[in-house]
Amino acid sequence: MRMYLVLLLVAGLALAGSTADTSPYISGSPTNPGEADFDVLTSFSVEDFSVSVYSVGIGWDGEYLWITEGVAVGGSGLNQIYIADRDGNLITQVDQNGTSSWGLRDLCFDGDYMYGSDDSDVDYYDPSTYEKVGSYTCTAVSPNRAEAWDGTYFYTGSFSNTIYQVEWDGVSGSTATATAWSTAVANGGTYGAAYDQWDDCLWVSTASSDGALYQIDMDGNLIDTHSILPEVPTAGGCCIAPYDGQDQLWVLAQGDPDEAICFDIHPDALAPATWGEIKTLF
C-alpha cells in the first residue's frame, strides 16, 4: 500500500501561489547585511594577466568583469582594460584610447555602455566591440573617480567626501548636471561606487587604508560602515556582479598582488520557488 505524506512548508505560506521574493532587503532596515556576512566567496589575482604597477577600476557588463590599469604611471606602455570572467580567465584586453597617468578609474554599466573617467570627461564604451563610442563632461570632480548608475542617475566622487548625483541627457559631448548628494563618507578618498538594487543603496569603497566600506541609502544618508579587512585594506573600484546566481559585491583590492574579491552581501537572498507548495512523497 502506498503511503502519502503531505508536507506543508509553513515558512512559505505567505508566498503560496507567488514567485520567489527577489528583494528581501529594505534599505536601512535591520535585515541589511552586517560585517559578519562579508564572507569572501571567490577572488582572483589581477596581476595574473596585468603588468600594471596598479589596478584601479572594476565594472560588470552583464557578462564579463572590466578591470582598468595605470601602466602609464610606470613610464611605458598604454593603459589597458582587461576583460575577464569571474574565474579570473582573461577574455581580451583593449587600449584605453589614450588616457594618461592612472587612466580610467572606477567603472559602471547602464545596460548599454560601460562608463569610466580619467579627468572631467566620462568616456563610454560599447561592450560588443570594447570601443569608446562617446563621452560627456562632468566638471564637479576631476577625475570622475567613483562611478555608479541607479537606472536614472549617475553617482560620482573623487578626492573628497562629497558624492554627486549626476544627470546626463544622453548626448555625447554634452555637459551633465551634478548636484552634491552625500557627504556620508568619512574620509577624503571616494574611489569606487556601486548601486545595489536589492538593498536600494550605494556601496562606496575608499583608499583610506582602513578597510572601511560605506553603505549609503538613496537619500544620501549613511546606513552603516562595514569592514572588509583583512582582505581589502585599500580599495579601488567596486561593482555589483553575480556569483552563484546571486548579485554580490566585487571590490578591487589594491595590494600585492592586486585582486578582484567577491564579498557575500546577500546571503540566502533568494527564497526557494517551492515555498508554499504542497509536496506528495511516495
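Refer to the preceding data block for the structure.
Residues numbered from 1 in each chain as written. Predicted model: local features only at pLDDT ≥ 70, side-chain atom pairs only at ≥ 80, totals over all residues. Heavy atoms only, no water.

Remarks on the side chain of arginine 105
So the rule is basically this: In this description a helix means any DSSP run of H or I spanning at least four residues, a strand means any run of E spanning at least two, and both kinds are numbered starting from the N terminus. Burial status follows relative accessibility: with a 1.4 Å probe on protein chains alone, a residue under 20% of its type maximum counts as buried, one over 50% as exposed, and anything between as partly exposed. The charge count treats Lys and Arg as positive and Asp and Glu as negative. His and the chain ends do not count. The term salt bridge refers to a pairing of a side-chain nitrogen on Lys or Arg with a carboxyl oxygen on Asp or Glu at a separation within 4 Å. In protein, a polar contact requires one atom able to donate a hydrogen and another able to accept it; more generally it is a pair of N or O atoms within 3.5 Å, and residues adjacent in sequence count only if both atoms are side-chain atoms. Residue contacts follow a heavy-atom distance rule, with two residues in contact if any of their heavy atoms lie within 4.5 Å.
Residue placement: arginine 105 occurs in the loop between β6 (90-95) and β7 (107-109). Within the buried set, arginine 105 has no salt-bridge partner at all; the shortest N-O distance to an opposite charge, 5.4 Å, is to aspartate 118. A polar contact of 2.9 Å, which involves the side chain of arginine 105, links it to the backbone oxygen of glycine 103. Discounting residues that sit within four places of it in the chain, arginine 105 has contacts with Val56, Gly57, Thr68, Ser117, Asp118, Pro143 and Arg145.

What about the nonpolar core?
Note the following rule: Think of a nonpolar core as a cluster: buried Ala, Val, Leu, Ile, Met, Phe, Trp, Tyr and Cys residues, connected wherever their side-chain atoms sit within 4.5 Å.
In this structure, Phe38, Trp203, Ile228, Val232, Leu249, Val251 and Phe263 are the most contacted members of the largest nonpolar core, which totals 16 residues. Counting residues per element, the ones that place at least two in this core are β16 (201-206), β19 (235-243), β20 (246-253) and β21 (259-263).

Describing the environment of serine 101
You can see serine 101 is positioned in the loop between β6 and β7. Note: C-alpha distance between serine 101 and leucine 78 (23 residues apart in sequence) is 9.8 Å.

Notes on the pairing of strand β8 (residues 114-117)
In plain terms, the rule: Two strands form a pair only when DSSP identifies at least two bridges running between them.
What you see with β8 is no split at all: Met114 and Gly116 on one side and Tyr115 and Ser117 on the other are buried throughout. Where β8 and strand β9 (residues 121-126) come together, 4 bridges link them in antiparallel fashion. Across the sheet, tyrosine 115 pairs through a bridge with tyrosine 124, a residue of β9.

Quick notes on the layout of surface pockets
Stated formally: For cavity detection a 1 Å grid was placed over the protein atoms alone, and a set of points counts as a cavity when a 1.4 Å probe fits there but cannot get out; an open set counts as a pocket when protein lies on both sides within 12 Å along at least five of seven lines, with lining residues being those that have an atom within 4 Å of a point. Grid points are joined across faces, edges and corners, and a volume is the space filled by probe spheres set on the points. Residues are sorted three ways: Asp, Glu, Lys and Arg are charged, Ala, Val, Leu, Ile, Met, Phe, Trp, Tyr, Cys and Pro are nonpolar, and all the rest, Gly among them, are polar.
For the largest pocket, the calculated volume is near 370 Å³. Around the largest pocket, the lining is made up of 21 residues, and of these Trp60, Phe109, Trp149, Tyr195 and Ile240 lie nearest the centre. No other element matches β19, which puts 5 residues into the lining of the largest pocket. Residue classes in the lining of the largest pocket are distributed as 14 nonpolar, 3 polar and 4 charged.

Considering the environment of aspartate 118
Inspection of the secondary structure puts aspartate 118 in the loop between β8 and β9. Separated by 12 residues in the primary sequence, aspartate 118 and aspartate 106 have C-alpha atoms spaced 9.3 Å apart. Ignoring sequence-local partners within four residues, the contact set of aspartate 118 consists of Thr99, Ser100, Gly103, Leu104, Arg105 and Pro143.

Observations regarding the packing of aromatic side chains
The geometry of an aromatic ring pair is captured by the separation of the ring centres together with the interplanar angle, meaning the angle of the planes. Put simply, the test is: A pair of Phe, Tyr and Trp rings is counted when the ring centres sit within 6.5 Å of each other, with Trp represented by its six-membered ring. The angle between the planes then sorts it: under 30 degrees is stacked, over 60 is edge-to-face, the rest tilted.
Under the defined criterion, the tally for this structure stands at 18 aromatic pairs. A centroid spacing of 6.3 Å and a plane angle of 75° characterise the contact between tryptophan 66 and tyrosine 125, whose relative ring orientation is edge-to-face. Taken together, the residues span a long stretch of sequence, with tryptophan 66 in strand β4 (residues 65-69) and tyrosine 125 in strand β9 at a distance of 59 residues. In terms of burial, tryptophan 66 and tyrosine 125 fall into one category: buried. When the ring of phenylalanine 159 is compared with that of tyrosine 191, the centres are 6.2 Å apart and the planes differ by 90°; the resulting orientation is edge-to-face. You can see phenylalanine 159 sitting in the loop between β12 (154-157) and β13 (163-167) and its partner tyrosine 191 sitting in strand β15 (residues 190-196), a full 32 residues away along the chain. Among the aromatic residues, those joined into a ring-pair cluster are Tyr113, Tyr115, Tyr124, Tyr136, Trp149, Phe154 and Trp168.

Side note on the sheet that holds β19
The following threshold applies: Every axis corresponds to a line fitted to the C-alpha atoms, with the helix fit spanning only the stretch in contact, and the corresponding angles, defined between N-to-C directions, vary from 0 to 180 degrees.
Strand order in this open sheet of 4 strands is β2-β21-β20-β19, and the pairing throughout is antiparallel. Here the strands that pair on one side only, and so sit at the sheet edges, are β2 (40-45) and β19. Averaged over all neighbouring strand pairs, the angle between strand axes comes to 20°, with direction disregarded. Where β2 lies against β21, 5 bridges are found, and the strand directions are antiparallel. Paired with serine 45 across the strands is glutamate 259, a residue of β21.

So yeah, pure geometry; function would need other evidence.
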